[in-house]
Amino acid sequence: MPQQPPTYDRVAPYYDRWMRLFERAGLARLRAAALAEMPGGGLLIEVGAGTGANFPYYPTGARAACAEPSREMLLRARARPERPPGAALVRAYAERLPFADATFDAGLATLVFCSVAEPARALAELRRVVRAGGRVVLLEHVRPPGALGYAFDALSLLTVPLLEDHFNRRTAGEARRAGLTVERVESRLLGAVQLIVCRA
Ligand SMILES: C[S@@+](CC[C@H](N)C(=O)[O-])C[C@H]1O[C@@H](n2cnc3c(N)ncnc32)[C@H](O)[C@@H]1O
């Protein structure tokens, strides 16, 4: 299986503090926009839920499974005061979700597909566990177009060995190849961040 948990186990104590700057600079608004795409009722799955940074933006009364492979990240998600009462935390990799086909009405991942070891497999898993026609929303940093893309290729040479963080993933294309229907892609920060709205 993938090797990520040790990295995020180490990062977990600092993660929310490090992210605070990005949250204030616009990430919090993007999280709210991603969660606004989720249906109000039904059962959701979030993969790579981390410390539960999306919990404040979950629809009221949400019922969800929040999958995350890092024990330390999960512990912080469990302790987060905004955790919806209907959100169950599950220790699992996105590449191998312990759920039957079509269990969920919608799926979510934010800042996850830069980290997963096997994005194609993880996207196929999301498609499998979300019912046909259900919404899958991804908020991801990706390889931007043009010359900047080459800079991100170079950056990845550092960030992959240090943090297992790929700055040059083409997540919308991967989602299409996994059989998801990509309905809309909204690009921010010169195309380095994308809100990708799909149907399973
Ligand atoms: C940058 S953090 C994002 C956390 C959270 N989604 C957020 O928006 O703050 C990346 C997360 O992906 C998780 N992750 C890494 N590899 C994964 C995998 N194969 N399956 C699911 N989650 C994974 C990490 O443990 C970590 O919690």
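Refer to the structure presented above.
Asks: Sorry, what's going on with the layout of surface pockets here?
Replies: The gaps left among the atoms become clear once a water-sized probe is rolled over them. Roughly 1,100 Å³ of internal volume is contained in the largest pocket. If you tally residues by element for the lining of the largest pocket, the top one is helix H1 (residues 4–36), at 14 residues. Of the residues contributing to the lining of the largest pocket, the split by class is 27 nonpolar, 12 polar and seven charged.

Asks: Explain the packing of aromatic side chains here, please?
Replies: Within a pair of aromatic rings, the relevant descriptors are the distance that separates the centres and the angle that separates the planes. In this structure the tally under the stated criterion is four aromatic pairs. Centre to centre, the rings of Phe 99 and Phe 104 are 5.0 Å apart; their planes meet at 85°, and the pair counts as edge-to-face. Take Phe 104: its relative accessible area is 2%, and that puts it in the buried class. Over the ring of Tyr 150 we find Arg 143, and its NZ or CZ is 5.1 Å from the ring centre.

Asks: Even after reading the chapter, I still don't get the environment of Ala 67, so can you show me in this structure?
Replies: Along the chain, Ala 67 turns up in strand S2 (residues 63–67). On the accessibility criterion, Ala 67 (1% relative accessible area) is buried. In sequence terms Ala 67 and Ala 49 are 18 residues apart; their C-alpha atoms lie 6.0 Å from each other.

Asks: How do you make sense of the pairing of strand S3 (residues 87–90) when you look at a structure like this?
Replies: Sheet analysis places S2 next to S3, joined by four bridges and oriented parallel. By the bridge assignment for S3, Ala 67 is matched with Val 90.

Asks: Mind showing me how you'd approach the side chain of Thr 159 here?
Replies: Positionally, Thr 159 belongs in helix H4 (residues 147–163). Setting aside chain neighbours within four positions, we find Thr 159 in contact with Glu 164, Asp 165 and Phe 167.

Asks: Is there a simple way to think about the pattern of salt bridges in this case?
Replies: Opposite charge on two side chains makes pairing possible when the charged atoms of those side chains draw close. The full count for this structure, using the stated rule, is 15 salt bridges. For Arg 135, the salt bridge is made with Glu 37, and the minimal N-O distance between the two is 3.0 Å. On the criterion of sequence distance, the pair formed by Arg 135 in strand S5 (residues 130–141) and Glu 37 in the loop between H1 and strand S1 (43–47) is long-range, its members being 98 residues apart. For the pair Arg 135 and Glu 37, one class covers both residues: buried. The shortest N-O distance in the salt bridge between Glu 186 and Arg 188 comes to 3.5 Å. Classification of Glu 186 by relative accessible area gives partly exposed; the value is 25%. Sharing partners across several salt bridges, the network here consists of Glu 37, Arg 135, Glu 183, Arg 184, Glu 186, Arg 188 and Arg 199.

What counts, and where the lines are drawn
- Residues numbered from 1 in each chain as written.
- Predicted model: local features only at pLDDT ≥ 70, side-chain atom pairs only at ≥ 80, totals over all residues.
- Heavy atoms only, no water.
- 1 Å grid on protein atoms, 1.4 Å probe; cavity = no way out; pocket = protein on both sides within 12 Å on 5 of 7 lines; lining within 4 Å.
- Points joined across faces, edges and corners; volume = space filled by probe spheres on them.
- Helix = DSSP H or I, 4+ residues; strand = E, 2+ residues; numbered from the N terminus.
- Nonpolar A, V, L, I, M, F, W, Y, C, P; charged D, E, K, R; others polar.
- Phe/Tyr/Trp six-rings, centres within 6.5 Å; stacked < 30°, edge-to-face > 60°.
- Buried < 20%, exposed > 50% of the residue type's maximum accessible area, 1.4 Å probe, protein only.
- Lys NZ or Arg CZ within 6 Å of the ring centre and 35° of its normal.
- Pairing = 2+ DSSP bridges.
- Contact = heavy atoms within 4.5 Å.
- Salt bridge = Lys/Arg side-chain N within 4 Å of Asp/Glu carboxyl O.

Any functional reading would require information that these geometric values do not contain.
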